[in-house]
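# Chains, contacts and geometry: an overview
Next come the chains, spelled out residue by residue.
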Amino acid sequence: NCADYTCRRGQIAWAVYQGTLAYFANQAGGEMHVQAIDMAYSQRGRSYAIDTAVTIFDAQGDPLPAAEVTLQITQLPDGAPQVQTALTATAGLALFKTKTTTPGLYEAAVLNVTKEDWTYTPAQNIETTQTMPSP
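Residues numbered from 1 in each chain as written. Predicted model: local features only at pLDDT ≥ 70, side-chain atom pairs only at ≥ 80, totals over all residues. Heavy atoms only, no water.

## Examining the packing of aromatic side chains
Within the structure shown, the criterion is met by two aromatic pairs. For the pair Tyr41 and Tyr48, a centre-to-centre distance of 5.8 Å together with 75° between the ring planes defines the contact as edge-to-face. Tyr48 carries the same exposure label as Tyr41, and that label is buried. An angle of 75° between the planes, with centres 5.9 Å apart, marks the rings of Tyr41 and Tyr106 as edge-to-face. Separated by 65 residues along the polypeptide, Tyr41 in strand E1 (residues 30-44) and Tyr106 in strand E6 (residues 105-114) bring together distant segments of the chain. Relative accessible area serves as the criterion here: at 15%, Tyr41 is assigned to the buried category. Taken together through their ring pairs, the aromatic side chains of Tyr41, Tyr48 and Tyr106 make up a single cluster. (Phe/Tyr/Trp six-rings, centres within 6.5 Å; stacked < 30°, edge-to-face > 60°. Buried < 20%, exposed > 50% of the residue type's maximum accessible area, 1.4 Å probe, protein only. Helix = DSSP H or I, 4+ residues; strand = E, 2+ residues; numbered from the N terminus.)

## Here we look at the nonpolar core
Formed by 24 residues in total, the largest nonpolar core has its most connected members in Met32, Val34, Val54, Ile56, Val69, Val110 and Val113. Those elements that place two or more of their residues in this core are E1, strand E2 (47-58), strand E3 (68-76), strand E5 (93-100), E6 and strand E7 (118-120). Excluding its chain neighbours within four sequence positions, the residues that come into contact with Met32 are Ile56, Phe57, Asp58, Leu64, Ala67, Val113, Thr114, Lys115, Trp118, Thr119, Tyr120 and Thr121. (Core = buried A, V, L, I, M, F, W, Y, C linked by side-chain atoms within 4.5 Å. Contact = heavy atoms within 4.5 Å.)

## Some thoughts on the pattern of salt bridges
Tallying each qualifying case throughout the model produces one salt bridge. For the salt bridge of Asp51 with Lys97, the shortest nitrogen-to-oxygen distance reads 2.8 Å. Of the two residues, Asp51 sits in strand E2 while Lys97 sits in strand E5, which places them 46 residues apart along the sequence. For Asp51, a relative accessible area of 24% translates into the label partly exposed. Residue classification places Lys97 among the exposed residues on the basis of a relative accessible area of 56%. (Salt bridge = Lys/Arg side-chain N within 4 Å of Asp/Glu carboxyl O.)

This is the structure:
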């Protein structure tokens, strides 16, 4: 009933609309980087599970959801690399699981991060690789 937004209800609707536009304008793109890589081992019978969490942030320091992270897990010094991809959730966290029967030193390395209209800037990474020995 307030076509020109002069009534209070119309002003509130206009403010909500403008806030929604501003929110989506900020989601349209920018730079992103790896904030953290965390690895953990757990033994499961005769095998091991290597859990790796990669956190992706935008240039403003906020977690970035829906980014595709490509991760390579390698047993050092000369194991065959395993490449996996996962999407980040709301908190900017991508989770990876690797099973192995061979204990040793493992390295997780982020190969790439992609998201439409976003630019991955590896120079801004806090971490790009993480190594962890088995227990």
